[in-house]
Amino acid sequence: MRREHGAEYRYTGYVLRPHPDHDAWTTRPESAADRLGIRAVNLAAFPGPHEADLVEALRADPEAWSPGLSWVAEDPEGEVAAFALLTRCHVDGAPALTLGPCAVRPELQRRGAGSAVIRAALRAAREQGENLVLVLGHAEYYPRFGFVPASRYGIRPSFEVADEYMMALVLDPGRPVPSGTIQYPEAFGV
């Protein structure tokens, strides 16, 4: 184990990872000053501008955008290191949230920034009284946050996708979970 920038790191074979008992990332809701940094993170993390443009389109859509549900993780210098966005969607008319885009600066990937910012966004959604979050993503990554195949709840997208990639997270198991087809914000183009 070693310390760097105030964080503890454990050698795991190939990469140094933050020690699980130490939060090395500062997370917070996005501010207007973060917009260029968020765009830069998305442009760096993905092969083209689609995700960066999607974030801007969702930000401009008052039906999709939910204040306090766009989160960043900062590096030690206060720059945007990672980003996670939750926006309004519906399941057969019932309100839900969709997670994504999520992005981490390439040089900071696999160091916990993405997990930290996703956990912070999900915590904010729970605190705002949301109950259901959907994600279309890596079947090996998102279950660590509690996501399971959406089909377990009778939830499906309006397009073909392998079952393991369309996932759902219920934030309050005591509340009913809608079933049916996901209606994404218009910016997603589906």
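Residues numbered from 1 in each chain as written. Predicted model: local features only at pLDDT ≥ 70, side-chain atom pairs only at ≥ 80, totals over all residues. Heavy atoms only, no water.

A. Up close: the overall build of the protein chain. For the protein chain, the helix and strand inventory stands at 3 helices and 12 strands. Evaluated residue by residue, the protein chain yields a buried proportion of 45% over its 190 residues. Accessible surface computed for the protein chain: about 9800 Å², of which carbon and sulfur atoms make up 51%. (Helix = DSSP H or I, 4+ residues; strand = E, 2+ residues; numbered from the N terminus. Buried < 20%, exposed > 50% of the residue type's maximum accessible area, 1.4 Å probe, protein only. Areas by Shrake-Rupley, 256 points an atom, 1.4 Å probe, with all protein chains shown as cover.)

B. Summary view of unusual backbone geometry. In the segment running from G100 into P101, the intervening peptide bond is cis, with an omega of 0 degrees. Mapped onto the secondary structure, P101 falls in strand 7 (residues 94-104). Of note, the phi angle at D92 is positive, near 45 degrees, even though the residue is not glycine. By the secondary structure assignment, D92 is in the loop between strand 6 (80-91) and strand 7. Residues other than glycine seldom take positive phi values, yet R110 does so here, at roughly 70 degrees. The topology assignment puts R110 in the loop between strand 7 and helix 3 (113-127).

C. Quick peek at the environment of R119. Within the secondary structure layout, R119 lies in helix 3. On the accessibility criterion, R119 (40% relative accessible area) is partly exposed. For R119, the contacting residues outside a window of four places in its chain are R144 and F145. (Contact = heavy atoms within 4.5 Å.)

D. Summary view of the pairing of strand 11 (residues 166-170). Burial runs high along strand 11: 5 of the 5 residues are buried. Of the two faces of strand 11, the one holding M166, A168 and V170 and the one holding M167 and L169 are both buried throughout. Across 5 bridges, strand 8 (residues 132-136) lies against strand 11 in antiparallel orientation. Residue pairing for strand 11: L134 is matched across the bridge by A168. (Pairing = 2+ DSSP bridges.)

E. Region of interest: the pattern of salt bridges. Counted according to the given criterion, the structure contains 9 salt bridges. Salt-bridge contacts for E74 lead to R28; the nearest nitrogen and oxygen are separated by 2.6 Å. One end of the pair, E74, is in strand 5 (residues 70-74); the other, R28, is in strand 4 (residues 26-29), and 46 residues separate them in sequence. With a shortest N-O distance of 2.6 Å, E130 and R88 are connected by a salt bridge. Residue E130 is located in the loop between helix 3 and strand 8, and its partner R88 is located in strand 6; the two are separated by 42 residues in the primary sequence. This pair shows no difference in class: E130 is buried, exactly as R88 is. (Salt bridge = Lys/Arg side-chain N within 4 Å of Asp/Glu carboxyl O.)

F. Up close: the pairing of strand 6. With 11 of 12 residues buried, strand 6 is to be regarded as a mostly interior element. For strand 5 and strand 6, the ladder comprises 5 bridges, and the chain directions are antiparallel. Across the sheet, E74 pairs through a bridge with V80, a residue of strand 6. Sheet topology places strand 6 next to strand 7; 9 bridges connect them, and they run antiparallel. From the neighbouring strand, V91 faces strand 7, where its bridge partner is A94. Taking the residues between adjacent antiparallel strands as the criterion, strand 6 and strand 7 are bridged by 2 residues, where D92 takes a positive phi near 45 degrees. Looking at chain direction, strand 6 and strand 12 (residues 180-183) are connected through 2 bridges and run antiparallel. Opposite H90, over in strand 12, you have Q183 as the bridge partner.

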